[in-house]
Structure formats: C-alpha cells, structure tokens
Amino acid sequence: MLIWLIAGLVFLAFYSWFFLKDTKRQVVAGTTFSIFAFLAVLLLSLNMSQHFGMEKTTTTTTKQVYSIMPAQSPVSAVAVKKIGSDNYVLVYKDAAADAQASTHFVPNTKKVVEAVKQRATYQKGDVTTAEVHTKTVKWSYKSDFYKFLFKQKNEDNVVSVRHTLIVPNTWQVVEK
C-alpha cells in the first residue's frame with residue numbers, strides 16, 4: 001500500500017509545484033506533499049533494510065515420530081544422511097501403522113532460497129519417545145497498521161526453520 005501512497009504523494013507534489021497558479025498555495029502544498037513523499041520513501045526504505053514495523057517471532061512445534069524398523073522388531077532406529085556441513089536428511093515413520101518409512105527435509109533444489117533457510121539435525125536424549133521439534137523464526141508485523149502499509153504480495157518472511165529429531169538413547173541411528 002505504501003508504494004501506491006508514495007506514487008500518489010509524488011503526483012500531488014508534482015501537480016502542486018507545476019500547475020498551481022497561486023504562489024503561496026504552490027509553496028505550501030508542494031512542500032507539504034514533497035515532505036510526506038520523502039517520509040513515505042524513508043519508511044519504505046527502513047522497512048526493507050531494518051524491518052521497521054516488524055519483529056521476529058518464534059514458533060515451536062513438536063511431532064512424535066516412529067522407528068523405521070517393523071513393529072515386531074526389538075530394536076528401534078532412524079536413518080540419517082548428512083548433506084552439507086550441518087544438515088541432514090532424516091528417515092522415519094510418521095505413524096506407527098505406516099508400512100514404509102519416508103524421507104524428510106530433503107532440500108528442494110528448484111527453490112534454493114527456501115532450501116537455504118531450512119536445516120535438520122538429530123540428537124540422542126533422555127526421552128521416552130522420538131520427536132521432531134520444529135523451530136520457525138519469521139518476521140511478523142507489529143500491528144495491522146504496519147501490515148497494511150508494508151505487506152507485499154507473495155512475501156516470504158521466514159528467517160529460518162530448524163528441525164531437530166530427538167531419539168531415546170536406546171534407539172539406533174543408522175548413518176547412510
């Protein structure tokens with residue numbers, strides 16, 4: 001919305017400076033619209049460079065996952081494949097009744113920007129069930145007014161998505 005407001009203010013400033021006949025009105029209106037246009041451009045620049053009107057918000061979700069081994073197996077396990085220096089593709093079942101395990105967090109090479117923001121890792125811990133903790137950090141608007149001013153169509157405000165698979169110490173981690 002702010003882009004349209006800037007365009008309107010620039011048009012009004014232009015009209016005031018060049019088409020008003022009365023010099024007093026020309027100076028007052030032209031100066032006023034020029035200052036407002038400058039301030040609007042400044043606000044837009046601050047939003048784009050410093051995230052003015054926004055704040056970082058973090059949401060965390062937890063989902064229970066299941067072993068890749070058959071249900072009758074005495075051993076529980078998950079599989080991991082390291083990609084890059086600090087990222088993994090994780091293999092586990094989403095539900096206990098699933099026949100086959102599936103891969104999770106495989107980077108989408110066609111959407112590189114989204115892939116760079118996403119990381120997955122694993123760790124063993126003193127837990128009774130395996131869980132994936134997903135921590136999403138994104139920029140959100142401080143108020144509806146800022147959202148009205150600055151929101152762009154199809155904008156992605158995600159900063160990072162971190163998936164951590166926590167498995168019990170008794171589980172095996174199969175590295176591929």
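Everything discussed here concerns the structure shown above.
Residues numbered from 1 in each chain as written. Predicted model: local features only at pLDDT ≥ 70, side-chain atom pairs only at ≥ 80, totals over all residues. Heavy atoms only, no water.

A short note on the overall build of the protein
Part 1 of the argument: Each helix and strand in the protein was counted, giving four helices and eight strands.
Part 2 of the argument: In sequence order, the protein lays out its α and β elements as α-α-β-β-β-β-α-β-β-α-β-β.
Part 3 of the argument: For a compact globule of 176 residues, the expected C-alpha radius of gyration is about 16 Å, and the protein comes in at 26 Å, more than 25% above that figure.
Part 4 of the argument: The proportion of buried residues among the 176 residues of the protein is 30%.
Part 5 of the argument: Only carbon and sulfur atoms are counted for the fraction: they give 60% of the accessible area of the protein, which is about 11,700 Å².
Part 6 of the argument: Counting 21 positive and 12 negative side-chain charges, the protein places the centres of these two groups 6 Å from one another. (Helix = DSSP H or I, 4+ residues; strand = E, 2+ residues; numbered from the N terminus. Rg over C-alpha atoms; globule rule 2.2 N^0.38 Å. Buried < 20%, exposed > 50% of the residue type's maximum accessible area, 1.4 Å probe, protein only. Areas by Shrake-Rupley, 256 points an atom, 1.4 Å probe, with all protein chains shown as cover. Lys, Arg positive; Asp, Glu negative; His and termini not counted. Charge placed at Lys NZ, Arg CZ, Asp CG, Glu CD.)

Quick word on the sheet that holds strand S1 (residues 54-64)
Part 1 of the argument: As summarised here, the arrangement of the four strands in space is S1-S6-S7-S5, forming an open sheet in which the pairing is mixed. Both edges of this open sheet fall to S1 and strand S5 (118-125), since each of them pairs with a single strand only. On average, each strand axis in the sheet is tilted by 20° relative to the strand beside it, whichever way the strands run.
Part 2 of the argument: Pairing of strand S6 (residues 131-141) with strand S7 (residues 158-168), which is carried by eight bridges, proceeds in the antiparallel orientation. In the sheet register, Lys138 faces S7, and the bridge partner there is Val158. (Pairing = 2+ DSSP bridges. Axes fitted to C-alpha atoms, helices over the stretch in contact; angles between N-to-C directions.)

Looking at helix H2 (residues 23-50)
Part 1 of the argument: Between its first and last C-alpha atoms H2 spans 39 Å; for 28 residues at 1.5 Å apiece the expected length is 40 Å, and the two agree.
Part 2 of the argument: Within the sequence span of H2, burial applies to Gln26, Ala29, Gly30, Ala37, Ala40, Leu44 and Asn47.
Part 3 of the argument: Summarising the contacts, the buried residues of H2 are in contact with helix H1 (2-19), S1 and helix H4 (144-150).
Part 4 of the argument: Positive backbone phi, at 60°, marks His51, one or two positions downstream of H2. (Expected span 1.5 Å × (residues − 1). Contact = heavy atoms within 4.5 Å.)

Concerning the environment of Trp139
Part 1 of the argument: Position of Trp139 relative to the elements: it lies in strand S6.
Part 2 of the argument: For Trp139, the residues in contact, after removing those within four places along its chain, are His51, Met54, Glu55, Lys56, Asn157 and Val159.
Part 3 of the argument: Side chain to side chain, Trp139 and His51 meet in a polar contact 3.3 Å long. (Polar contact = N/O pair within 3.5 Å; in protein donor to acceptor, adjacent residues only side chain to side chain.)

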